[in-house]
Amino acid sequence: QVQLVESGGGLVQAGGSLRLSCAASGRTFRNFAMDWFRQAPGKEREFVAAIAWNGLTTYYADAVKGRFTISRDIGDNTMHLQMDSLKPEDTAVYYCALPRAQYLITRSTRDMDYWGGGTLVTVSS
């Protein structure tokens, strides 16, 4: 049974930093990309960042490019999101997710097979 567990959320002032982590268990994820999404109150879930199966290629939403950094530890089945220069508009529940197919890199929620329960990030102004 695949399980994704996020951690690291919290309350931070604008301009501050947080580091989110996602621990995956239940099978090997060596050949799978991994994604971060977020959902703000009253809004749809949106893509934040993705990292290829080998960790060598990364993708970011325009809203976070240059401020967020995605990484992964393949051997430990973990993924991280370093969030710097946080803004109030970054406030959301952040989710990690696994795509439905090996090597697939996608920004669509419809292409995700597994989701974590989310971790709340609140950025105060």
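Summarised in this report is the structure supplied together with it.

1. Observations concerning the overall build of the chain
Part 1 of the argument: Of the regular secondary structure elements, the chain holds zero helices and 11 strands.
Part 2 of the argument: Counting from the amino terminus, helix and strand elements in the chain follow one another as β-β-β-β-β-β-β-β-β-β-β.
Part 3 of the argument: The C-alpha atoms of the chain give a radius of gyration of 13 Å, which matches the 14 Å a tight globule of 125 residues would have.
Part 4 of the argument: On the principal axes, the C-alpha backbone points of the chain span a range of 40 × 25 × 25 Å.

2. Side note on the pattern of salt bridges
Part 1 of the argument: If you walk through the whole model with that rule in mind, you get five salt bridges.
Part 2 of the argument: Linked through salt bridges whose partners overlap, the residues forming this network are Arg-38, Glu-46, Arg-67 and Asp-90.

3. A closer look at the side chain of His-80
Part 1 of the argument: Counting through the fold element by element, His-80 comes out in strand β8 (residues 78-83).
Part 2 of the argument: Under the relative-accessibility criterion, His-80 is labelled buried at 10%.
Part 3 of the argument: In terms of polar contacts, His-80 uses its side chain to reach the side chain of Asp-73, at 3.2 Å.
Part 4 of the argument: Contact partners of His-80, with chain neighbours within four places excluded, come to Arg-19, Leu-20, Ser-21, Trp-36, Thr-69, Ile-70, Ser-71 and Asp-73.

4. Some thoughts on the pairing of strand β3 (residues 18-25)
Part 1 of the argument: As defined by bridge partners, strand β1 (residues 3-7) adjoins β3 across five bridges and the pair is classed as antiparallel. Along β3, the bridge assignment pairs Glu-6 with Cys-22.
Part 2 of the argument: Both β3 and β8 contribute to a ladder of six bridges, which runs antiparallel. Opposite Ser-21, over in β8, you have His-80 as the bridge partner.

5. Points about the state of the cysteines
Part 1 of the argument: What the rule picks out here adds up to one disulfide.
Part 2 of the argument: Linked covalently through their sulfurs, Cys-22 and Cys-96 form a disulfide whose S-S length is 2.1 Å. Between Cys-22 and Cys-96 the sulfur-sulfur dihedral comes to about 60°; the bridge is accordingly right-handed. Of this pair, Cys-22 sits in strand β3 while Cys-96 sits in strand β9 (residues 92-99), and the two are 74 residues apart along the sequence. For the residue pair Cys-22 and Cys-96, the accessibility class agrees, reading buried in each case.

6. Details of the nonpolar core
Part 1 of the argument: Counting residues in each nonpolar core, the largest one holds 35 residues, and the members touching the most others are Trp-36, Leu-81, Met-83 and Tyr-94.
Part 2 of the argument: Of all the secondary structure elements, the ones that give two or more residues to this core are β3, β4 (34-39), β5 (46-51), β7 (68-73), β8, β9 and β11 (119-124).

Criteria and cut-off values
- Residues numbered from 1 in each chain as written.
- Predicted model: local features only at pLDDT ≥ 70, side-chain atom pairs only at ≥ 80, totals over all residues.
- Heavy atoms only, no water.
- Helix = DSSP H or I, 4+ residues; strand = E, 2+ residues; numbered from the N terminus.
- Rg over C-alpha atoms; globule rule 2.2 N^0.38 Å.
- Salt bridge = Lys/Arg side-chain N within 4 Å of Asp/Glu carboxyl O.
- Buried < 20%, exposed > 50% of the residue type's maximum accessible area, 1.4 Å probe, protein only.
- Polar contact = N/O pair within 3.5 Å; in protein donor to acceptor, adjacent residues only side chain to side chain.
- Contact = heavy atoms within 4.5 Å.
- Pairing = 2+ DSSP bridges.
- Disulfide = S-S within 2.5 Å.
- Core = buried A, V, L, I, M, F, W, Y, C linked by side-chain atoms within 4.5 Å.

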